[in-house]
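Working through the structure, step by step
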Amino acid sequence: MRNIIFDCDPGHDDIMAIFAALANPEEFNILGFTTVCGNQTSDKVTKNLCRVLSYLDKDYVVVEGEKKPLIYNPEPQPLAHGESGLDGPILLDGKIRNKNINYLEFLESCLSTKTTIMALGPLTNIAKLISEKPHVIPNIEQIVIMGGSIYGGNILEKSEFNIYADPHAAKIVFDSGLDIVLAPLEVCDYCSLKHNVIDPFKSKGYVSNLTYEILEFFSRYSKERNKDKSPIFDLACTMYLLHKEAFVGKNAYVDVVLEGENRGQTIINYSSDGNVLVLESANNEFLQTKFIEYINRLDLEYKNNR
Ligand code: BDR
Ligand code: CA
């Protein structure tokens, strides 16, 4: 059983990564959630996460983290995630609320024991943790990051959003000497869901219905471009920990472009000593089947607990 913390900006795909973890309680002991300014403002993404956890009746600690990147200004992405950061479902406030404590102190308390960090947004919180609480570093078992790309980007020609949003933070994390696994855009394509897999979730069960509403919005972009599937980026991180055998990756030295027209580009060099395990490909069919299984499992769990 692995202790994990999600540091995230939910975000449609962040929620799917969280669902996959919630469906596997024998694999993951979730210590809590910190949020970060990314796809939307930190207050919006925090609210989204609290509402989803309330919907599921899951009692976890949620702590709002940084409101802006280390150097640059926030750049919310309403085109990808909507004005709320989680457009699609209509969710109400519930019993889970942002805990009004310092997120670094919360992470520090979680890291009194070996814990893996699932970093699903810009790396601002994690860079601050490394800089301001270096004594916790030995207890960071691993960081699994969704970010960067090997060939092409999604926010600039060569840059992926999470790394673009806070390249200075990403550089601090990549240079930290920690055990890092990176899921760049290319491997996230292997965590795509076909639209004809998403559609049957509609009205099927309590969790599958929410999954449908979230993914229906998130897949619009791909549908409009006549693609038959949508990448569920952050899901790759949880799937990697659950099914390492389904992934192929290589060690590489990863650096980040801090400014200019390629701001946020990850420069991946396979010829020198690696600081990061860069995931490259995965078994898409297998992971898709597993994801369906996990959502069905959460439906069943919800039904049995009523
Ligand atoms: C990343 O950007 C965010 O909007 C997604 O949640 C994901 O973490 C993909 O580039
Ligand atoms: Ca995210």
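My aim in this report is to walk through the structure given alongside it, one point at a time. Position numbers for residues count from 1 along each chain, tracking the sequence in the order it is written. As a convention, the first chain written is A and the first ligand written is 1, with the rest following in written order. The model is predicted, so local features are restricted to residues of pLDDT at least 70 and side-chain atom pairs to those at 80 or more, both for listing and for counting; the totals for chains, interfaces and linings are taken over all residues. Neither water nor hydrogens contribute to the side-chain values; these are computed over all heavy atoms in the structure.

**Regarding the site of ligand 1**
Nearness here has a simple test: a residue counts as near a molecule or strand if at least one of its heavy atoms is within 4 Å of that partner. Every residue near ligand 1 is listed here: Asp13, Asp14, Asn39, His81, Leu120, Met146, Asn154, Glu160, Phe161, Asn162, Phe233 and Asp234. The term polar contact refers here to a pair of N or O atoms within 3.5 Å; inside protein, the definition further demands a hydrogen-donor-capable atom paired with an acceptor-capable atom, and it admits residues adjacent in sequence only when both atoms are side-chain atoms. At 2.6 Å from an oxygen atom of ligand 1 is found a side-chain nitrogen or oxygen belonging to Asp13. At 2.9 Å from an oxygen atom of ligand 1 is found a side-chain nitrogen or oxygen belonging to Asn154. Residue-level accessible areas treat just the shown protein chains as cover; the underlying method is Shrake-Rupley with a 1.4 Å probe. With the chains in place, 96% of the 280 Å² that ligand 1 exposes on its own is no longer accessible. Whether a set of points on the 1 Å grid over the protein atoms alone is a cavity depends on a 1.4 Å probe fitting there but being unable to get out, while an open set qualifies as a pocket with protein on both sides within 12 Å along at least five of seven lines; lining residues are those with an atom within 4 Å of a point. Being in a pocket or cavity means that more than half of the molecule's atoms lie within 2 Å of its grid points. The pocket occupied by ligand 1, as judged from atoms lying within 2 Å of grid points, is the largest pocket. Every helix listed is a DSSP run of H or I at least four residues long, and every strand listed is a run of E at least two residues long, numbered separately from the N terminus. When residues of the shell around ligand 1 are traced back to their parent elements, those giving at least two are helix H1 (12–22) and helix H6 (161–165).

**Things to note about the coordination of the calcium ion (ligand 2)**
For Na, K and Ca the donor cut-off is 3.2 Å; for every other metal, N, O and S atoms count as donors within 2.8 Å. Water does not enter the count, which can leave sites looking incomplete. The protein atoms donating to the calcium ion (ligand 2) are Asp9 (OD), Asp14 (OD), Asp14 (OD), Leu120 (O) and Asp234 (OD), with metal-donor distances spanning 2.2 to 2.6 Å. Read in sequence order, the donor residues coordinating the calcium ion (ligand 2) give the pattern D-x4-D-x105-L-x113-D. Taken together, the residues span a long stretch of sequence, with Leu120 in the loop between strand S4 (115–119) and helix H5 (124–132) and Asp234 in the loop between strand S8 (229–231) and helix H12 (235–242) at a distance of 114 residues. Each member of the pair Leu120 and Asp234 is classed as buried. A 1.4 Å probe rolled over the protein chains alone gives each residue an accessible area, and that area as a share of the maximum for its type sets the label: buried under 20%, exposed over 50%, partly exposed in between.

**Some remarks on the sheet that holds strand S2 (residues 28–35)**
When DSSP finds two or more bridges between two strands, those strands count as paired. One open sheet holds the nine strands; their spatial order is S3-S2-S1-S4-S5-S6-S11-S9-S10, and the pairing between them is mixed. In this open sheet, the two edge strands, each paired with only one partner strand, are strand S3 (62–64) and strand S10 (266–269). Strand-to-strand twist in this sheet, taken as the mean axis angle between neighbours without regard to direction, amounts to 30 degrees. Of the strand pairs in this sheet, strand S1 (residues 2–8) and S4 are connected by four bridges, and their pairing is parallel. Its bridge partner lying in S4, Ile4 is registered against Thr116. Contact criterion: two residues are considered in contact whenever any of their non-hydrogen atoms come within 4.5 Å of each other. Orientation is described by lines fitted to C-alpha atoms, with helices fitted over the stretch in contact, and by angles between N-to-C directions that extend from 0 to 180 degrees. Lying over the sheet, helix H4 (residues 103–110) contacts S1, S2, S3 and S4, oriented at roughly 165 degrees with respect to S2. Running at roughly 115 degrees to strand S9 (residues 247–256), helix H7 (residues 167–174) makes contact with strand S5 (140–146), strand S6 (180–183), S9, S10 and strand S11 (276–282) of the sheet.

**Some points on the packing of H12 against helix H13 (residues 284–304)**
It is the contact of H12 with H13, at a shortest axis distance of 12 Å, that shows an interaxial angle of 95 degrees. Here H12 is positioned roughly perpendicular relative to H13, judged by the angle of their axes. Contacts from Leu235, Met239 and Leu242 of H12 reach H13 at Leu287, Lys290, Phe291 and Tyr294. For the contact of H12 with H13, a count of residues per class yields six nonpolar, no polar and one charged. What sets the label is the angle itself: under 35 degrees gives roughly parallel, over 145 gives roughly antiparallel, 65 to 115 gives roughly perpendicular, and the rest give oblique. Here the term charged refers only to Asp, Glu, Lys and Arg, the term nonpolar to Ala, Val, Leu, Ile, Met, Phe, Trp, Tyr, Cys and Pro, and the term polar to all other amino acids, Gly among them.

**So, the pairing of S5**
Buried residues dominate S5, accounting for six of its seven residues. Bridging between S4 and S5 involves five bridges; their strand directions are parallel. Bridging across to S5, Ile117 finds its partner in Ile143. A clockwise path from the first strand over the helix to the second, with the strands pointing away from the viewer, defines a right-handed crossover. Between the parallel elements S4 and S5, the chain passes through H5 in a crossover that is right-handed. Across four bridges, the pairing between S5 and S6 is parallel. By the bridge assignment, Ile145 is partnered in S6 with Leu182.

**Some points on the packing of aromatic side chains**
Here the distance between the centres and the angle between the planes together describe a pair of aromatic rings. Only Phe, Tyr and Trp rings take part, Trp by its six-membered ring, and two of them pair if their centres are within 6.5 Å. Stacked means planes under 30 degrees apart, edge-to-face means over 60, and tilted covers everything else. Scanning all chains against the criterion turns up seven aromatic pairs. Aromatic pair Phe33 and Tyr60: ring centres 5.6 Å apart, planes at 75 degrees, arrangement edge-to-face. Of this pair, Phe33 sits in strand S2 while Tyr60 sits in the loop between helix H2 (42–56) and S3; the two residues are 27 residues apart in sequence, bridging distant segments of the chain. Tyr60 sits in the partly exposed class, given a relative accessible area of 24%.

**Quick notes on empty space enclosed by the protein**
Grid points are joined across faces, edges and corners, and a volume is the space filled by probe spheres set on the points. Enumeration according to the criterion identifies two cavities of 30 Å³ or more in this entry. Empty space within the largest cavity amounts to approximately 40 Å³. In terms of lining residues, the largest cavity is bounded by Cys37, Gly38, Pro69, Asn73, Pro74, Glu75, Pro122, Phe161 and Ala165. A class-by-class count of the residues in the lining of the largest cavity yields six nonpolar, two polar and one charged. Empty space within the second largest cavity amounts to approximately 30 Å³. Taken together, Cys191, Ser192, Leu193, Leu235, Met239, Asn284, Leu287, Gln288 and Phe291 form the lining of the second largest cavity. Among the secondary structure elements, those contributing two or more residues to the lining of the second largest cavity are strand S7 (192–194), H12 and H13. Ranked by the residues each element gives to the lining of the second largest cavity, the list is headed by H13, at four residues. Residues of the lining of the second largest cavity, tallied by class, amount to six nonpolar, three polar and no charged.

Remember, this is a structural readout, not a statement about activity or role.
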